[in-house]
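# Reading the structure
Okay, here's what each chain looks like letter by letter:
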Amino acid sequence: MKNIVILISGRGSNMEAIVRAAQAEKWPARIAAVIANKPDAGGLAFAAQHGIPTAVVSNKEFSTREAFDAELQKTIDKFAPDLVVLAGFMRILTAGFVEHYAGRMLNIHPSLLPKFPGLHTHEQALEAGETEHGATVHFVTAQLDHGPVLGQVAVPVLPGDTPDSLAARVLVEEHKLYPRVVRQFVEGHVGINEGVVRINEH
Ligand code: GRF
């Protein structure tokens, strides 16, 4: 059994999709913990209701990124993670933290990377006049939203779209993409070696 630790900051709908898929599809993995950097993160309640250990490491209680990341790392490592999944975890991470989880930390970003790294991706896509938008799952590396890509999903941008309507269309697909990639990882079908992604579906 592989241990997955999921980090959230808010509603946690991607975390929820991963928890549900892991249970329904009987992955060789357990969700060992859900950890939030905000005490009021909505997803914590869902995790607790599903018997998943939860923890909060509140960034507000730390005066530096280094101190916060050190405490977060300590908390994560109590659960002996094979994989750390960032699911709407809204923090810029220090290089040391990223290095500690090299090759075993994933993120989902709501754009077709390398387009639109950073915040407000749906607004950015609309302003740029894109006809397609989407989401990307990638390994986390020191450069924000730039790690090697493991999977992407695209949706059309429709006439009259607002950032919210576009976000909702992307989110539906995120909930399929992220569980699929996490499952491939825990089943040993994807990995990374010296910065090069290895994908082996069979
Ligand atoms: C998702 O759109 C994800 O791609 C982005 O933040 C949002 C988090 O939503 N990083 P949720 O907390 O998983 O519902």
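It should be noted that the structure appears before, not after, this text.
Read on for an overview of the structure. (Residues numbered from 1 in each chain as written. Predicted model: local features only at pLDDT ≥ 70, side-chain atom pairs only at ≥ 80, totals over all residues. Heavy atoms only, no water.)

## Focus on helix α1 (residues 13–24)
How we decide: Secondary structure elements follow DSSP: runs of H or I of four or more residues count as helices, runs of E of two or more count as strands, with numbering from the N terminus. Given a helix with a known number of residues, its expected span is that number minus one, times 1.5 Å. Classification of residues uses two cut-offs on accessible area relative to the type maximum, computed with a 1.4 Å probe and protein chains only: under 20% is buried, over 50% is exposed, and between them is partly exposed. Any pair of residues with heavy atoms lying within 4.5 Å of one another is described as a contacting pair.
The terminal C-alpha atoms of α1 lie 16 Å apart, and with 12 residues this matches the ideal 16 Å at 1.5 Å per residue to within 8%. Every buried residue of α1 is listed here: Ser13, Asn14, Met15, Ala17, Ile18, Val19, Ala21 and Ala22. Of the surrounding secondary structure, the elements contacted by the buried residues of α1 are β1 (2–8), β2 (29–36), α2 (43–49), β4 (83–86), β5 (105–109) and α6 (163–186). Phi turns positive one or two residues past the end of α1, at Lys26, with a value near 50°.

## Remarks on the pattern of salt bridges
The criterion, for reference: Any Lys or Arg side-chain nitrogen found within 4 Å of a carboxyl oxygen on Asp or Glu counts as a salt bridge.
Scanning all chains against the criterion turns up 7 salt bridges. Here Glu71 makes a salt bridge to Lys74, at a shortest N to O gap of 3.6 Å. With Glu71 and Lys74 both in helix α3 (residues 65–77) and 3 residues apart, this pair spans about one turn of that helix. Assessed through its relative accessible area of 52%, Lys74 is described here as exposed. Here Asp161 and Arg169 are joined by a salt bridge, their closest N and O atoms 2.7 Å apart. One network of salt bridges, with partners in common, ties together Glu25, Arg183 and Glu187.

## Focus on the site of the ligand
Our working definition: Think of it this way: one heavy atom of a residue within 4 Å of a molecule or strand is enough to make that residue near it. N or O atoms within 3.5 Å of each other form a polar contact, as long as, within protein, one can give a hydrogen and the other can take it, and as long as residues adjacent in sequence are counted only when both atoms are side-chain atoms. Working definition of accessibility: Shrake-Rupley area with a 1.4 Å probe, residue cover restricted to the visible protein chains. Classification convention: Asp, Glu, Lys, Arg as charged; Ala, Val, Leu, Ile, Met, Phe, Trp, Tyr, Cys, Pro as nonpolar; all other residues, Gly among them, as polar.
Arg11, Gly12, Ser13, Asn14, Gly88, Ile108, Pro110 and Glu174 make up every residue found near the ligand. A distance of 2.9 Å separates an oxygen atom of the ligand from a polar atom in the backbone of Gly12. Taking Glu174, its side chain carries an N or O atom lying 2.6 Å from an oxygen atom of the ligand. In isolation the ligand has 370 Å² of accessible area, and contact with the protein removes 87% of it. Class assignment of the residues belonging to the shell around the ligand gives a composition of 2 nonpolar, 4 polar and 2 charged.

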